[in-house]
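Spelled out, the chains give:
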Amino acid sequence: GKRVVIMSQDPENNVADRGFRIVGVYRAKLSSLEETFVYGGLAPLQALLGVPGEVSEIAMAGADYRQVGPLYEKASAVFGMDLEVLPWTELDTYLGMMLTIMDGFVLVWVVVIFLALSFGLVNTLMMAVFERIREIGLMQALGMKPSAILYQMLLESLMLLALGLLLGNALAIATIIPVRDGIDISAVAEGMEMMGASSVLYPALKLKDLLMANSVVIVLGILTSLLPAWRASQY
C-alpha cells in the first residue's frame, strides 16, 4: 500500500522517475536479489523509460549455464544483425571470473590430492615387489624377459587402479543420490550470498568431472607404477 518512486534513465540518458504503489513483496533464495530487483507492470515501465511497445533486454536461459556457447552462437546468428547478444559471463564479469578461478582451484586441488595418494600407491607396489623377489627370480629363470615382467607389473597396477576407481565411483554415486535434493547450509548463508550462492547446495555428479578425475588417477597411477615395475624387472 505504500508509495515508492522508481528512478532510472531513458534511452537519451535523461533521468526518468515515476511513482508506484506497492502491491506485494517477494522472498528470493538470495536476500541480495530482494534489494536489487523490483517487478512492475510492462506498460507502466515502458512509459517510465519512454519506450512504448519496446523492451530493453531479453534473457534466454539454456540447459547448462556453463555451456552457453551453442546457445550464444544460435542467438547471434538470429539476432546479431539487429541486437547486441552477450553471454552471461560478459554481463556479470565478476561471477564469471569467480567461476573460472574456482574451476582452476578445484583442478589444482584434485591434482595435489591425487599426487599425495600416488605416494601410497608407490609404497604399496614397492612392498609387493620386495615380497615377490623369489617369484620374480623364478619367472626369469623360466625364461621370462625383463620387459615382460615390467609389463606384468604395470598391468597389475592398472587392474588395481581400475578396481579402486570402480569402488570409488560407486561410493560417489551412492553418497550423492541421497542428498541430491539439497543440503541446507543456512548457518553460513550470509557468507554464501556474498559469493552469489544460495544457502542450499545441490550436489551433482557431472560426467565431465567424473571422466577428468578417473583420467588423472589412471595417468598418475601408471606414472607412479613405473619405478616399482622397473625395479622388479632388474632382479
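Every chain is numbered independently, its residues counted from 1 as its sequence is written. Residues qualify for local features only when their pLDDT is at least 70, as the model is predicted, and side-chain atom pairs are given and counted only at 80 or more; totals for whole chains, interfaces and linings, by contrast, use all residues. Only hydrogens and water are set aside when side-chain values are computed; all heavy atoms of the structure are taken into account.

Visitor: Just to check I follow, could you spell out the overall build of the chain for this structure?
Guide: Within the chain, the regular secondary structure consists of 9 helices and 4 strands. Each helix is a run of H or I in the DSSP string that is no shorter than four residues. Each strand is a run of E no shorter than two, and both are numbered from the N terminus. When the helices and strands of the chain are listed from N to C terminus, the series reads β-β-α-α-α-α-α-α-α-β-α-β-α. With the principal axes as the frame, the chain shows a C-alpha extent of 95 × 45 × 25 Å. Each residue is assigned to one of three classes by its accessible area relative to the maximum for its type, calculated with a 1.4 Å probe on protein chains only: buried under 20%, partly exposed between the two thresholds, exposed over 50%. When the 235 residues of the chain are sorted by exposure, 19% land in the buried category. When contacts within the chain are restricted to residue pairs at least 6 apart in sequence, long-range pairs at least 24 apart make up 53% of them. Note on areas: Shrake-Rupley with a 1.4 Å probe; residue coverage comes only from the protein chains shown. Of the accessible surface of the chain, which amounts to about 17,600 Å², a share of 66% is contributed by carbon and sulfur atoms. For the chain, the separation between the mean place of its 15 positive charges and that of its 22 negative charges on side chains is 10 Å. Residue contacts are counted whenever heavy atoms from the two residues lie within 4.5 Å of one another. For this count, His and the chain ends are skipped, Lys and Arg are scored as positive, and Asp and Glu as negative. Here the site of a charge means atom NZ of a Lys, CZ of an Arg, CG of an Asp or CD of a Glu.

Visitor: What am I meant to see in a nonpolar patch on the surface here?
Guide: Like-charged residues within 9 Å of one another, or nonpolar side chains (Val, Leu, Ile, Met, Phe, Trp, Tyr) within 5 Å, are grouped into patches, provided each residue has over 30% relative accessible area and no salt bridge. In what follows, salt bridge is the name for a side-chain nitrogen of Lys or Arg lying within 4 Å of a carboxyl oxygen of Asp or Glu. Taken together, L42, V55, I58, M60, V78, F79 and L83 make up a surface patch of nonpolar side chains, about 730 Å² in accessible area. Its location among the elements puts M60 in the loop between α2 (42-49) and α3 (69-79).

Visitor: Hey, could you run me through the packing of aromatic side chains in this one?
Guide: For any two aromatic rings, the description comes down to two numbers: the centre-to-centre distance and the angle of the planes. Stacked, tilted and edge-to-face are the three classes assigned to paired rings of Phe, Tyr and Trp, where Trp is represented by its six-membered ring and a pair needs centres within 6.5 Å; plane angles under 30 degrees give stacked, over 60 edge-to-face, the rest tilted. Counted by the stated rule, this structure contains 2 aromatic pairs. Their ring planes at 80° and their centres at 5.3 Å tell us that Y26 and Y39 sit as a pair that is edge-to-face. Of the two residues, Y26 sits in the loop between β2 (15-21) and α1 (31-34) while Y39 sits in the loop between α1 and α2, which places them 13 residues apart along the sequence. On the accessibility criterion, Y26 (34% relative accessible area) is partly exposed. By relative accessible area, Y39 is classed as exposed at 66%.

Visitor: How should the nonpolar core be read in this particular structure?
Guide: Burial of nonpolar side chains together is a common tendency in soluble globular proteins. Only buried residues count toward a nonpolar core. Its members are Ala, Val, Leu, Ile, Met, Phe, Trp, Tyr and Cys residues joined through side-chain atoms within 4.5 Å. Of all hydrophobic cores here, the largest spans 9 residues; its members are V110, F114, L121, L125, L161, L165, V216, V217 and L220. The set of elements that each furnish at least two residues to this core consists of α5 (93-131), α7 (146-176) and α9 (207-233). Broken down by element, the residue count for this core peaks at 4 residues, all from α5. Dropping the residues within four chain positions of it, L161 is found in contact with L121, V217, I218, G221 and I222. Counting residues in hydrophobic clusters, the runner-up holds 8 residues, among them V129, M139, M153 and A232.

Visitor: Even after reading the chapter, I still don't get the packing of α7 against α9, so can you show me in this structure?
Guide: Helix packing geometry: the angle between the two helix axes and the distance between the axes. Throughout, an axis means a line fitted to C-alpha atoms (over the contacting stretch in the case of helices), and angles, computed between N-to-C directions, take values from 0 to 180 degrees. At their nearest, the axes of α7 and α9 sit 8 Å apart, and the two run at 150° to each other. By the angle between their directions, the pair α7 and α9 is classed as roughly antiparallel. For the crossing formed where α7 meets α9, the hand is right-handed. Of the residues in α9, those touching α7 at P146, I149, L150, M153, L154, S157, L158, L161, L165 and N169 are L210, N214, V217, I218, G221, I222, S225, L226, A229, W230, A232 and S233. Grouping the amino acids of the contact of α7 with α9 by side-chain chemistry returns 16 nonpolar, 6 polar and no charged. Geometric relationships in this document are graded by angle, where less than 35 degrees denotes roughly parallel, more than 145 denotes roughly antiparallel, 65 to 115 denotes roughly perpendicular, and other angles denote oblique. Crossing handedness is defined as follows: a turn of the near helix away from the far one that is anticlockwise and smaller than a right angle gives a left-handed crossing, while the clockwise case is right-handed. Following the grouping adopted for this structure description, the nonpolar residues are Ala, Val, Leu, Ile, Met, Phe, Trp, Tyr, Cys and Pro, the charged ones are Asp, Glu, Lys and Arg, and the polar ones are all others, Gly among them.

Visitor: What should I look at first to understand the environment of I177 in this one?
Guide: Position of I177 among the secondary structure elements: in the loop between α7 and β3 (183-184). By relative accessible area, which is 44% here, I177 ends up partly exposed. The spatial distance from the C-alpha of I177 to the C-alpha of P203 is 8.4 Å, given a sequence separation of 26 residues.

Visitor: How do you make sense of unusual backbone geometry when you look at a structure like this?
Guide: Glycine aside, a negative phi is what most residues show, and trans is what most peptide bonds show. The backbone of N13 shows a phi angle near 65°, a positive value even though the residue is not glycine. Within the secondary structure, N13 is located in the loop between β1 (3-9) and β2. On the accessibility criterion, N13 (56% relative accessible area) is exposed.

Visitor: I keep staring at the pairing of β2 and nothing clicks. Help me out?
Guide: Residues in a regular strand project their side chains so that they alternate between the two faces of the sheet. In this analysis, strands are considered paired if DSSP registers two or more bridges between them. Across 7 bridges, the pairing between β1 and β2 is antiparallel. Across the sheet, V5 pairs through a bridge with G19, a residue of β2. In this structure, the hairpin formed by β1 and β2 is closed by a connection of 5 residues, where N13 is found at a positive phi of approximately 65°.

Visitor: Looking at this structure, I do not really get the pattern of salt bridges. What am I missing?
Guide: By the definition in use, this model includes 1 salt bridge. One salt bridge connects D103 with R66, and the closest N-O pair in it is separated by 2.7 Å. Of this pair, D103 sits in helix α5 while R66 sits in the loop between α2 and α3, and the two are 37 residues apart along the sequence. Overall, the relative accessible area of 36% leaves D103 in the partly exposed class.

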